[in-house]
Each structure stands twice: as structure tokens, then as C-alpha cells.
4 protein chains.
Amino acid sequence: MPRFRNTISLTADAALDALSAAVERAKAIQVPQCIFIVDTSGETIASIRMDGAKYLSMHTARAKARTAASINGATGAMTAEFGLAAGIASQGGVTHLPGGLPIRFDGVIAGAIGVGSGTGEQDFDVARAALKALGADEV
Amino acid sequence: MPRFRNTISLTADAALDALSAAVERAKAIQVPQCIFIVDTSGETIASIRMDGAKYLSMHTARAKARTAASINGATGAMTAEFGLAAGIASQGGVTHLPGGLPIRFDGVIAGAIGVGSGTGEQDFDVARAALKALGADEV
Amino acid sequence: MPRFRNTISLTADAALDALSAAVERAKAIQVPQCIFIVDTSGETIASIRMDGAKYLSMHTARAKARTAASINGATGAMTAEFGLAAGIASQGGVTHLPGGLPIRFDGVIAGAIGVGSGTGEQDFDVARAALKALGADEV
Amino acid sequence: MPRFRNTISLTADAALDALSAAVERAKAIQVPQCIFIVDTSGETIASIRMDGAKYLSMHTARAKARTAASINGATGAMTAEFGLAAGIASQGGVTHLPGGLPIRFDGVIAGAIGVGSGTGEQDFDVARAALKALGADEV
């Protein structure tokens, strides 16, 4: 019986490219953002806080990225009641705030991105720009 | 391309003057208060807990000040659902409680103040007395 | 340019087998142990606290496993001064205590194991029994 | 009496350029690194964890950057005894580990950089490459 399974992980170079693409999109829509890229277990690969972004949104952006990696799906779909309870139980790990997306290639998760400081729609918009630049699966 | 941007930061002397004015106002309305003055990144410059104030309100006053600095605006305007979710994700950093105000001069942020232990109205009242004493922009 | 790199991750079934082998060895040497199996980013896959083991050793066992995964090597080799400083800076993440080993197959890391509650020698002894049961590389 | 003092802050674009230069240097010396750029109050502007770097070094790199910003000087000069005590008292904020440098322009601090995962010398080497790319003061 195999003792391990094959996995993939976003490279640091790709994470930097993702940040750049996200920053470019955030500038285009004139919404300074905080952006986190994490691996499949939620450890940070890269992050950026744009000039004028809310600095405390670094925390929400990170939680969104970690939640998207954990659930292997977009954040924002769980109910507020569940999200708050899970957020408390995980000491800020889980969030139901929108703006987190898994980064997948051919259906296999390689990491996740979380964006915060704008509205939920703006956050997703910027996150999707990063996915597109990476050639990752649409979510 | 410039590698840095010009910013301003409230002086420690000004922070003490702000505390004095806030304390004076709190005495006038007979509501002992907890007051935090933070810089634009949320680090504490000065704080005071008045006799008779709730000591745990030091935490809410600090969170209000840090949130006001982060959003560059008054606290109390975000929805409870968002405030709770962002508060959990930021491990107590963000709060939607009223009583936090940015300290701005000619529209440029130099820090923020947070007041807690009274009602939201009393907290704002005391925070505004500090802004007035500093000659800071009304918020 | 490839956007991701190929990685491997220990399966949960393998982690349970590792725990069983470690427990069997701990019983044989009559030293109840705390054992953690983590993935390559330090997230827990499985854990066990044997009857009679020091319950706070769950924390050291976890730190040993996380450190072994982080450095991709056995714990216990860094100086105490560095280990303490890194442990403080990582809020208990890094430890220089012996008893942590990476779990590798053909040189590729798939996770790590950390054992605590015995002496350093006993901890390593139990960790190695787990590696052997998995058919993992000797460390 | 002026109520605020003039300060400067590294831009996010400059922080990304600093990361890129640091990564390039780390690749040249073949030492994968964790790199943090923080503002003058220690809040993160940008970070990167290179492929193969120790993920727990993200914590030490951050502490180095925050300490360098706090002391407005290079880390690594305080005694181990003081560094450990201050690190404990600041819950991981202060560190005496080498690898943190202030980012200054004409003597004025604009932020700081912290590098971890290599030796102290390698960490400083990579940090200095970032300063040079920014045209910041040598430290």
C-alpha cells in the first residue's frame, strides 16, 4: 500500500507573479488591497500590503487564504453563524468572509489566495486576476 | 520612481496633550474612560485608564484606536456581522464598536484615538474632545 | 515556466500505522510517549498521548515534529542559544529538543514525526521505530 | 508647537522590488530564504518564502525585521541573555538573531527587512542585496 500520495505546491516564483498580477488589477480598479498566498496547509508563501490598504486586512486576507486552502473552495459560502463559530474555535483560522480562492491546476490544489481591504466582490475580482495570470483553474 | 512616500506621525507630546484633554472631558461628563492613542500602524503611543474605568475596556479602546487607524475612519459604521468576522480573523484587531477616530491634519492621518468604558456616544464625545485640543480635523 | 512543483504527503492511513508502531516500541521500552505526525508544512495528521505520558509533552512532541518538517532534518542539532531564540521568535514553533525526525521516501520529505515524554534517546528510539514501520528513509 | 513629525514609509512597489532583489541574491548563493519587509512600526508590507526555505523561519525573519525597525539598527548586536529576555517579554517581538536591517534613505527610516533560513552571514548578505536594489543607506 502506498505510504504517501502525490501532491503539488505553488512555487515561490509563481506566488510572486500572482502578487504582481493581483496588485496590477487592484490598481486598475483603484482599490488598494492586502493579498496573501499560502500553500495547501495554509503556511504563507508570499504577501503584500498595498499603499493605502487597511493594515488589519492583512489578517482577514490571510484567514481567507487559509480557509480557501482548508476547504479547497472559495470562501464566502458558509453561513455567518457557522463562520463565526468556526472562526472562534480555530482562533481566527476559519472565516466566512468572501475573497479567498483555491489555486488549482487541472483540478489539483497547489495553494490558495486571500484578498482583503475592498468589498467582497472587489476582493474576489483581484484574486481571480491572480489565478488567471498563473494559468490556474477558474473558481 | 520614489521608493518611499511622505507620512506624518503624532508626537508623544501631542499624545499626552490629547490624553489630558480627553480625561478632562471624561471628568466633565462624569464617565471614567480608557483611552488609547496609536500611530498610523496601530502601535500604542500613549494610554490611560482613569480611576473607576472598566479595566477590560483597555482592550476595546485599543481595538477601536487600531481599527480607526487601519480604516482611516471612525469606527462603528461596519455591520456587526462583518465586524465580528473581521474581529475574529484579526484576533481582536478589528472591532465595529463605536469610539475610535482617526487623528488627521489637513486630511493626512497621523494616528488614531480609541475610547472605551462609556456608551458609544460618550466614547465618541471624549475622543472628539481630544481631536479638538490637538487642532486635528473634525471627524 | 512550471507554476508548481511536485511534492508528496504522508497518507492518514500511514500516519496511523506509524503511531501504532511507535506505541508498540514505547511499550516495549516501557516509556509512555506523546507522538505527533505532521505534514510537510507542520499541520497535524495524527497524534497520540499514551496512558501515563506527560500531557504537556504533547506540546514538545508537536514542536519537534514541526521543526523536523521545517528544517527537513533531525531535531537536536542546533545550539541551545539558537534554539531558544528561534523558539521565542516563532512562539513555540521551533525547538532544539531531540526527538523529531523527517519522514522521507527516496530522499523526498512526506512529513515528520515528533516524540516527547522520555529522554532524548528514548524519544528518537520511538520515532525511528515509526520510520522503520513505514519503510521510510533512515535518519 | 507642531503636533506631528514628518516621517517616510517604504512603498509597496519598492517592497516588492526589494523582495525580488533579495530572492535573486538568495538564488545566487543557493540559500533559499524567508524574507519580510515591514513598515517603521513593524507591520508587514510584503513577505516571501522561497522553495526549500524552512517554513518556521518566516517567524524569525519577521521578528528580525520588526526588531530592526524598532531599534532602527541591525539585529544581532544585543547579548543573547538580553535578547532572550526581551523576546519573551515581547512575546516573540524582539530577537537578537542576526539578519534584520533598517531601510533608511538619507538617514531616515522607512521600514526594515528581515531574512531567515540561512546562517546569520547569509541572511545579512541577502538583506543587503535588497537595500542596495532600493538605493537605501548601507547598514
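Located above this text is the structure these notes cover.
Residues numbered from 1 in each chain as written. Chains lettered and ligands numbered in written order. Predicted model: local features only at pLDDT ≥ 70, side-chain atom pairs only at ≥ 80, totals over all residues. Heavy atoms only, no water.

Caption draft 1: Looking closely at the interface of chain C and chain A. The interface is formed by 21 residues belonging to chain C together with 21 residues belonging to chain A. For the chain C and chain A pair, buried surface summed over both sides reaches about 1800 Å², with 51% attributable to carbon and sulfur atoms. If you sort the residues of chain C by the area they bury against chain A, Arg3, Phe4 and Ser41 of chain C come out on top, with a joint share of 35%. Summed over the shared surface of chain C and chain A, the number is three salt bridges. One salt bridge in this structure joins Arg66 of chain C and Glu43 of chain A, with 4.0 Å as the shortest N-O distance. (Contact = heavy atoms within 4.5 Å. Buried area = accessible area lost by both parts, 1.4 Å probe. Salt bridge = Lys/Arg side-chain N within 4 Å of Asp/Glu carboxyl O.)

Caption draft 2: Local environment of the relation of the copies chain C and chain A. For the pair chain C and chain A, the relating rotation is 179°, the translation along its axis is 0.1 Å, and the fit reaches an RMSD of 0.1 Å. Each copy turns onto its partner about a two-fold axis. Across chain C, the smallest distance between a C-alpha and the rotation axis is recorded for Thr7 of chain C, namely 2.5 Å. A share of 100% of interface residues in chain C that are also interface residues in chain A marks the association as one of identical surfaces. (Least-squares fit on C-alpha atoms with pLDDT ≥ 70 in both.)

Caption draft 3: Layout of the pairing of strand β4 (residues 100-105) of chain D. All names here are of chain D. β4 sits mainly inside the fold: six of its six residues count as buried. Covered by surrounding structure in β4 are Gly100, Pro102 and Arg104 together with Leu101, Ile103 and Phe105, the residues of both alternating faces. Where β4 meets strand β5 (residues 108-116), six bridges bridge the pair, whose relative direction is antiparallel. Following the sheet pairing, Pro102 is matched in β5 by Ala112. Linking two consecutive strands that pair antiparallel, namely β4 and β5, is a turn of two residues; a positive phi of about 50° is found at Asp106 within it. (Buried < 20%, exposed > 50% of the residue type's maximum accessible area, 1.4 Å probe, protein only. Helix = DSSP H or I, 4+ residues; strand = E, 2+ residues; numbered from the N terminus. Pairing = 2+ DSSP bridges.)

Caption draft 4: Focus on the sheet that holds strand β4 (residues 100-105) of chain C. Residue and element names in this part refer to chain C. Taken together, the four strands give an open sheet; going across it, the order is β3-β2-β5-β4, and neighbouring strands pair in antiparallel fashion. This sheet does not close on itself; its edge strands, each paired only once, are β3 (44-49) and β4. This sheet shows a mean twist of 15° between the axes of neighbouring strands, independent of strand direction. The pairing of strand β2 (residues 34-38) with β3 spans five bridges and is antiparallel. (Axes fitted to C-alpha atoms, helices over the stretch in contact; angles between N-to-C directions.)

Caption draft 5: The arrangement of the pattern of salt bridges in detail. Scanning the model with the defined rule gives 20 salt bridges over all chains in all. Two residues, Arg3 of chain B and Asp17 of chain D, come together in a salt bridge whose shortest N-O distance is 2.9 Å. Here the residue Arg3 of chain B occupies a position in the segment before β1 (4-10), and Asp17 of chain D occupies one in helix α1 (residues 12-28), the pair thus bridging two chains. Judged by its relative accessible area of 13%, Arg3 of chain B is buried.

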